[in-house]
Amino acid sequence: METGTISKWNVAEGESFAAGDSIAVIETDKATIDFEAQDDGVLAKQLVEAGAAEIAVGLPIMVTVEEADDVAAFANFTPDASGGEAAAPAETAAAAPAAVAPTTPAEDLPDHIVEGMPALSPTMEAGSISKWNIAEGEAFSAGDSIAVIETDKASMDFEAQDDGFLAKQLVEAGSAEVAVGAPIMVTVEEEEDVAAFKNFDAGSAPDTSATEASAPAVVEEVKAEPVAVAAAPAPVAAPIAAAPAPAVAVAAAPTGAISLGGSAWGRLAAEKSPLAKLLASKQKQYIGKYGSTGHSPIV
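First, a word on scope: everything that follows refers to the structure included in this document. Please read these numbers as outputs of a predicted model, since none were measured by experiment.

### Description of the overall build of the chain
Phase 1 of the analysis: Counting its regular elements, the chain contains three helices and 15 strands.
Phase 2 of the analysis: Expressed as a percentage of its 299 residues, the buried residues of the chain come to 31%.
Phase 3 of the analysis: When contacts within the chain are restricted to residue pairs at least 6 apart in sequence, those whose partners lie at least 24 apart make up 56%.
Phase 4 of the analysis: Accessible area for the chain stands at about 18800 Å²; split by element, carbon and sulfur atoms hold 53% of it.

Structure, rendered in structure tokens:
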């Protein structure tokens with residue numbers, strides 16, 4: 001598991017919860033898991049809205065306090081406002097359902113994952129395996145309970161985040177407490193790889209955390225040379241010559257003809273007729289009495 005989504009908050013801001021209560025429902029691409037409280041407390045602030053985008057493992061999702069009187073102090077709380085200290089418990093809580101990051105596989109063994117004791121609560125430092133629900137060599141699916149882990153506060157199922165096979169149990173059920181992060185089992189993807197871990201010892205898996213922390217990253221400082229960029233001149237549109245108006249030949253009207261100003265009277269405009277004279281006379285009378293109608297005069 002690298003990311004998850006809060007699909008539902010079961011405890012609202014300001015509400016109290018007890019150990020074992022489901023505070024929220026977390027979805028991954030493999031399964032849906034209840035995020036159960038390991039201690040009693042009060043949810044002071046939800047830092048992620050239900051249904052929001054996926055959140056990387058380790059990012060803050062909520063703030064909890066022990067006393068209800070302290071809730072009001074976190075009304076406007078943001079993870080950055082505390083300088084990183086107040087957000088630390090929430091970061092641990094966000095990673096509760098997931099196991100510790102796998103170590104690098106040994107060169108002489110098939111691909112495998114060495115799972116560490118998960119941190120099931122912000123204050124959890126150690127836990128014990130009270131029961132193994134998956135035996136060595138057995139397959140499991142995402143969401144299956146691999147083991148039951150007990151702390152001094154509660155008992156919780158350790159659920160698988162992916163499909164696989166339990167190749168080796170590194171801690172016996174009922175044994176002493178195991179520190180968070182210490183190896184508890186080995187898982188593989190293929191059943192035929194299980195036999196290779198029959199005599200596997202947790203010490204044979206290289207611990208890369210100390211090596212990665214001690215090896216400083218080499219950073220090469222490169223100074224970029226300033227580059228002068230001449231501004232490109234703005235394109236100038238070329239003048240467009242106006243196209244000459246096409247010449248239109250107009251036939252001259254016969255002498256004495258009456259122009260109807262482009263009306264739809266057809267050949268009447270080019271004919272010398274009593275009807276045209278009558279219409280022109282009536283139009284002049286109408287214009288003189290009522291004013292122009294907006295039509296072109298006949299004559």
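### Details of helix H3 (residues 274-290)
Phase 1 of the analysis: Taking 1.5 Å as the rise per residue, H3 with 17 residues should run 24 Å; its terminal C-alpha atoms sit 24 Å apart, in good agreement.
Phase 2 of the analysis: Looking at H3, one finds that the buried residues are Ala276, Ala280 and Gln283. The buried residues of H3 occupy an angular sector of 60 degrees when projected down its axis, which confines them to one face. Facing away from the buried side of H3 by over 90 degrees, the exposed positions are Pro274, Gly288 and Lys289.
Phase 3 of the analysis: Directly after H3, the chain includes Gly291, whose backbone phi takes a positive value near 100 degrees.

### Comments concerning the environment of Phe200
Phase 1 of the analysis: Looking at the element boundaries, Phe200 is found in the loop between strand S15 (183-188) and helix H2 (208-214).
Phase 2 of the analysis: When the C-alpha positions of Phe200 and Lys168 are compared, they lie 7.4 Å apart, and in sequence the two are 32 residues distant.

### Some details on the environment of Gly164
Phase 1 of the analysis: Checked against the element boundaries, Gly164 lands in strand S13 (residues 164-169).
Phase 2 of the analysis: Overall, the relative accessible area of 7% leaves Gly164 in the buried class.
Phase 3 of the analysis: Between the C-alpha atoms of Gly164 and Ser141, which are 23 residues apart in sequence, the distance is 6.6 Å.
Phase 4 of the analysis: Non-local contacts of Gly164, meaning those with residues more than four positions away in its chain, are made with Glu138, Ala139, Phe140 and Val188.

### Focus: the sheet that holds strand S7 (residues 62-65)
Phase 1 of the analysis: Strand order in the open sheet formed by three strands is S2-S5-S7, and the pairing between neighbours is antiparallel. The strands lining the two open edges of the sheet, one partner per strand, are strand S2 (16-17) and S7.
Phase 2 of the analysis: Summarising the sheet, strand S5 (residues 41-46) and S7 pair through four bridges and their orientation is antiparallel. Each bridged residue has a counterpart across the sheet, and for Lys45 the counterpart in S7 is Val63.

### Focus: the nonpolar core
Phase 1 of the analysis: Of all hydrophobic cores here, the largest spans 18 residues; its most connected members are Ile129, Ile146 and Ile184.
Phase 2 of the analysis: Considering every element that reaches this core, the biggest residue donor is strand S11 (residues 145-150), with three residues.
Phase 3 of the analysis: In this structure Ile184 touches Glu115, Gly116, Met117, Pro118, Ile129, Trp132, Phe158, Lys168, Gln169, Leu170, Val171 and Val178, once residues within four positions along its chain are discounted.
Phase 4 of the analysis: In terms of nonpolar packing, the next biggest core, distinct from the first, is built from 14 residues, Trp9, Ile23, Ala37 and Ile55 among them.

### Thoughts on the sheet that holds strand S12 (residues 155-159)
Phase 1 of the analysis: The strand order across the open sheet formed by four strands is S12-S11-S9-S14, and the pairing between neighbours is antiparallel. Sheet topology places S12 and strand S14 (178-179) at the edges, where each strand pairs with a single neighbour.
Phase 2 of the analysis: As paired elements, strand S9 (residues 126-132) and S14 share two bridges and run antiparallel to each other. Directly across from Gly127, in S14, lies its bridge partner Val178.

### Quick look at the packing of aromatic side chains
Phase 1 of the analysis: As enumerated under the stated definition, the model contains two aromatic pairs in all.
Phase 2 of the analysis: When the centroid spacing of 5.5 Å and the interplanar angle of 65 degrees are considered together, the rings of Phe74 and Phe77 count as edge-to-face. Taken as a pair, Phe74 and Phe77 share a single burial class, namely buried.

Rules used in this analysis
- Residues numbered from 1 in each chain as written.
- Predicted model: local features only at pLDDT ≥ 70, side-chain atom pairs only at ≥ 80, totals over all residues.
- Heavy atoms only, no water.
- Helix = DSSP H or I, 4+ residues; strand = E, 2+ residues; numbered from the N terminus.
- Buried < 20%, exposed > 50% of the residue type's maximum accessible area, 1.4 Å probe, protein only.
- Contact = heavy atoms within 4.5 Å.
- Areas by Shrake-Rupley, 256 points an atom, 1.4 Å probe, with all protein chains shown as cover.
- Expected span 1.5 Å × (residues − 1).
- Arc of directions from axis to C-beta.
- Pairing = 2+ DSSP bridges.
- Core = buried A, V, L, I, M, F, W, Y, C linked by side-chain atoms within 4.5 Å.
- Phe/Tyr/Trp six-rings, centres within 6.5 Å; stacked < 30°, edge-to-face > 60°.

In short, the description is geometric, and any link to function would need to be established separately.
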